[in-house]
Each structure stands twice: as C-alpha cells, then as structure tokens.
Amino acid sequence: MKFELRNITRRFGDRIAVNAVNVEIPQGQMVGIIGRSGAGKSTLLRMINRLQEPSSGSIHFNGAEVSSLKGAGLRNWQRDCAMIFQQFNLVPRLDVLTNVMLGRLNHRSTLMSLFSIFSDDERLAALAALERLGIEQTAMQRAGTLSGGQQQRVAIARALMQSPKMLLADEPIASLDPLNAKIVMDALRDINEREGITVVTNLHTLDTARSYCERIIGMAHGSVVFDGPPSELTAAAVQEIYGSDRDGAGIDETMTSTSINIPAAQTSTEKQSGGIGTLASARA
Ligand SMILES: Nc1ncnc2c1ncn2[C@@H]1O[C@H](COP(=O)(O)OP(=O)(O)O)[C@@H](O)[C@H]1O
Ligand SMILES: [Mg+2]
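Residues numbered from 1 in each chain as written. Chains lettered and ligands numbered in written order. Predicted model: local features only at pLDDT ≥ 70, side-chain atom pairs only at ≥ 80, totals over all residues.

A. Structural detail: helix 9 (residues 235-242). All buried positions along helix 9 are accounted for by Val238, Ile241 and Tyr242. Down the axis of helix 9, the smallest arc covering the buried residues is 80°, so these residues share one side. In this fold, the buried residues of helix 9 make contact with strand 3 (30-34), helix 8 (206-212), strand 9 (215-220) and strand 10 (223-228). Glycine 243 occupies a position one or two residues after helix 9 and carries a positive phi of about 75°. (Buried ≥ 20, exposed ≤ 12 C-beta atoms within 10 Å, placed from the backbone. Helix = DSSP H or I, 4+ residues; strand = E, 2+ residues; numbered from the N terminus. Arc of directions from axis to C-beta. Contact = placed C-beta atoms within 7 Å.)

Shown next as structure tokens:
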C-alpha cells in the first residue's frame with residue numbers, strides 16, 4: 001500500500017499555501033511534518049483527507065485517485081484516514097464512551113447514527129479502544145470534564161474506531177503539558193508500530209519530530225524543503241526550514257523544543273536503526 005501526493009498546490013486568493021508538493025508515503029511509516037507557523041502544514045494535512053480541496057495536483061492511494069472521489073467513495077476515504085486535532089474536537093457534554101463510538105458514524109446508516117443506536121459490539125470495541133489508551137476508567141464521564149491529555153487520548157480512541165489505514169494529526173500535542181504530550185506521542189507511536197497504521201503528524205517542536213518520526217518533512221512557504229530521516233536533519237537543514245534570525249545567527253533548537261523526550265529519544269535511536277532500512281528499501 002502506498003499513499004502519494006502529486007504536485008499538490010493550494011491557493012487562497014493570490015496566496016500559495018501549499019506549492020507543488022510531491023510526497024510518497026509507504027504504508028506504515030511514521031512521518032512528522034515540521035515548519036514555521038504559516039508554512040502550509042495544516043493545509044497539506046487537510047487536503048489529504050479532503051477537508052480542503054487542492055487547487056491543482058492529485059492524491060493517490062493504492063492506485064486510486066483520492067482527489068476525485070465523491071459521495072460514498074469520499075466518505076470511505078475519510079474513514080480510512082482518521083484525523084485528530086490540536087483542540088481534540090470532542091462533544092464535551094457527551095460521555096467519553098459515546099464520543100468514542102461516534103468514530104463509527106462513517107460505518108453506519110444515517111438513521112442509526114441519528115438516534116445514536118450503538119450495538120453491544122460497538123460498545124465493547126469502544127471500551128477496548130479506551131483501555132488500549134489507558135483511560136477506560138473515564139468511559140462514563142462527560143468528555144468536557146477530562147484533562148487535555150485525556151481528551152486527546154479519547155480523540156485517538158475515536159479515530160481507532162474508524163479502523164483507519166492512516167492517522168492524520170494536526171499538532172496533537174500543542175495544547176498539552178510535557179507529560180501528557182509524551183503520553184499522546186507514545187500512543188501514536190504504539191498504534192503505528194503495532195497496527196502498521198501510517199501516521200502523519202504536524203508538529204511544532206523539532207525534538208518531538210526527531211524522537212518519534214522515522215521520516216521528517218520540513219516545509220517552508222508552502223514547499224517541501226527537507227524530506228528524510230532525522231539523522232539527515234542537519235543544522236543547515238533546520239535553518240532552511242525555520243529560517244534564520246534577523247542577525248543571521250540561525251535557529252536555536254531549544255526554541256522549538258518541549259524538552260520532554262529523554263526516554264523517547266533513547267527508543268527512537270533503536271527504531272531509527274530499523275526504520276531507515278525500511279525507508280531505504282521502500283524508496284528503492
Ligand atoms: N482558509 C484559509 N483562507 C485563507 N488563507 C488561508 C486559509 N488557510 C490557510 N491559509 C493561509 O495559508 C498559509 C498556510 O497556512 P497553514 O496551512 O495553516 O500553515 P501552518 O499549519 O503551517 O501554520 C498561511 O499563509 C495561511 O494564512
Ligand atoms: Mg497549522
């Protein structure tokens with residue numbers, strides 16, 4: 001299985017948000033997209049699951065052209081690539097279990113959805129998803145009463161209920177404290193490794209991308225200016241992505257750091273040694 005963006009461009013008026021991006025992602029990769037605010041990261045991600053339409057170019061998955069899908073085909077695609085957001089997008093006054101089961105909506109008839117009739121199987125699957133993320137004890141609480149970290153885990157559980165092939169995450173940890181950020185990133189990595197689900201995540205911190213992602217895509221002004229493993233992300237590459245300060249001193253990596261990842265950094269070295277091989281063979 002392979003996902004592909006071909007020459008994807010998105011304009012807003014005369015502003016180019018995403019400029020002729022070409023990216024191929026083999027199934028099962030964990031990809032981090034980094035870049036300054038306004039670089040085009042969110043627009044790129046939103047085009048992948050068709051929340052936003054490209055101005056030109058095309059999107060392909062396993063030989064099918066995703067960018068021309070309509071109706072049921074489009075809904076199936078949006079089920080296949082679940083999205084999680086910085087602000088979680090839960091229904092705060094509904095309980096956690098119901099929020100997770102809402103992930104099944106794309107699998108069911110409108111009438112069943114309308115009345116929120118969920119089967120025992122769906123309840124069990126939702127509970128299992130919550131258990132998987134270590135928050136099954138919150139199942140009956142209103143989602144709005146949970147901490148940010150717990151809410152993001154609920155959102156991931158809801159995404160898992162879609163049985164996605166791809167998980168898209170737009171700055172999933174930007175609103176979280178360092179401990180919860182680590183828990184959420186660990187959960188994404190675990191899903192990627194155990195289920196082989198491709199994860200594409202926008203990240204505002206460089207060290208998180210380095211620690212968790214086998215491949216980093218750096219964007220600047222709508223274009224991809226870096227695409228490779230963390231080991232190739234040199235100071236010069238970082239400077240090209242983030243630009244330099246007015247005095248030309250370049251960027252200090254701690255500026256884009258949450259400093260949370262000491263344990264994660266160790267495991268990422270292990271993964272990296274296996275991950276680069278996979279990457280190289282996938283590209284060959
Ligand atoms: N809906 C929109 N209408 C107009 N301009 C937009 C819209 N969405 C994004 N943009 C512009 O496109 C550029 C890229 O934005 P975005 O994809 O949100 O970047 P990032 O996620 O990297 O911060 C920015 O200049 C932004 O102002
Ligand atoms: Mg964004």
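And the narrative resumes.
B. Region of the structure containing the nonpolar core. Among the nonpolar cores identified, the biggest contains 72 residues, and Val100, Ala129, Val154, Ala157, Leu167, Leu168 and Val199 are the most heavily contacted of them. Once you skip the residues sitting within four places of it in the chain, alanine 157 turns out to touch Val100, Ala129, Leu130 and Leu133. (Core = buried A, V, L, I, M, F, W, Y, C linked by C-beta atoms within 7 Å.)

C. Here's a closer look at the pairing of strand 2 (residues 15-26). Sheet analysis places strand 1 (residues 2-12) next to strand 2, joined by 8 bridges and oriented antiparallel. Note on strand 2: the bridge partner recorded for leucine 5 is valine 23. (Pairing = 2+ DSSP bridges.)

D. Region of the structure containing the sheet that holds strand 10. Strand order in this open sheet of 6 strands is 6-7-8-3-9-10, and the pairing throughout is mixed. Every other strand in the sheet has two partners, leaving strand 6 (81-85) and strand 10 as the edge strands with one partner each. The sheet shows a mean angle of 15° between the axes of neighbouring strands, direction not considered. On the sheet, helix 7 (residues 178-195) packs against strand 3, strand 7 (166-170) and strand 8 (198-202) and is oriented at approximately 155° with respect to strand 8. (Axes fitted to C-alpha atoms, helices over the stretch in contact; angles between N-to-C directions.)

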